[in-house]
Amino acid sequence: MAPEATQNDMYAQMVTTDQPEPAGDQPPLHFELQISEALSSGAYANFLGVWHTAHEFTLDFAVTQPAAVAQTQDGTVVTRVPCQVVSRVKVPPTVLFDFLRTLNENLTNWETNFGGTT
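Structure report, in brief. Just so you know, these numbers come straight off a predicted model, no measurement behind them.

## Looking at the overall build of the chain
Next, step 1: Helix and strand counts for the chain stand at two helices and seven strands.
Next, step 2: From first element to last, N terminus to C terminus, the chain shows the α and β order α-β-β-β-β-β-β-β-α.
Next, step 3: Considering only residue pairs separated by 6 or more positions, the chain has 35% of its internal contacts joining residues 24 or more positions apart.

## Remarks on the pairing of strand 3 (residues 47-52)
Next, step 1: Relative to strand 4 (residues 57-64), strand 3 is paired through six bridges, and the arrangement is antiparallel. Looking at the pairing, W51 lines up with T58 of strand 4.
Next, step 2: Connecting the antiparallel pair strand 3 and strand 4 is a turn made up of four residues.

## A closer look at the pairing of strand 5 (residues 68-71)
Next, step 1: Pairing of strand 5 with strand 6 (residues 77-80) involves four bridges; the strand directions are antiparallel. Following the sheet pairing, A68 is matched in strand 6 by R80.
Next, step 2: With antiparallel pairing between neighbouring strands as the criterion, strand 5 and strand 6 make up a hairpin whose turn holds five residues, including G75 at a positive phi of roughly 95 degrees.

## Concerning the packing of aromatic side chains
Next, step 1: In total, this model carries one aromatic pair according to the counting rule given.
Next, step 2: Residues W110 and F114 carry aromatic rings whose centres are separated by 6.4 Å and whose planes lie at 45 degrees to one another, so their mutual orientation is tilted. Taken together, the residues span about one helical turn, with W110 and F114 both in helix 2 (residues 93-114) at a distance of four residues.
Next, step 3: F114 gets classed as exposed once you look at its relative accessible area, which sits at 61%.

About the thresholds
- Residues numbered from 1 in each chain as written.
- Predicted model: local features only at pLDDT ≥ 70, side-chain atom pairs only at ≥ 80, totals over all residues.
- Heavy atoms only, no water.
- Helix = DSSP H or I, 4+ residues; strand = E, 2+ residues; numbered from the N terminus.
- Contact = heavy atoms within 4.5 Å.
- Pairing = 2+ DSSP bridges.
- Phe/Tyr/Trp six-rings, centres within 6.5 Å; stacked < 30°, edge-to-face > 60°.
- Buried < 20%, exposed > 50% of the residue type's maximum accessible area, 1.4 Å probe, protein only.

As structure tokens, this is what we get:
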């Protein structure tokens, strides 16, 4: 009888990915992501702040809080929207290109399966 798959096993199977054949005699890369129980539920975010240095991009995933009218120091009236960062991820530029390609591919698949946003 096969052991029952845990949520972590299922996640690892869903995100396992093969990379294109590398040059030379190297075997292809096969990434298998593993996630701890503490992180398995994830964190909800409805806002993304992005900034960068010469060596890395920082992605701040956040949840917006209730908006309120406020006034800046120069007297301009604005709607202030506080955002609580729930996760900060630092990514080197070389990885960010793969990240964007993969995100675009998954968004296209999501639009195909669910009809996109209305």
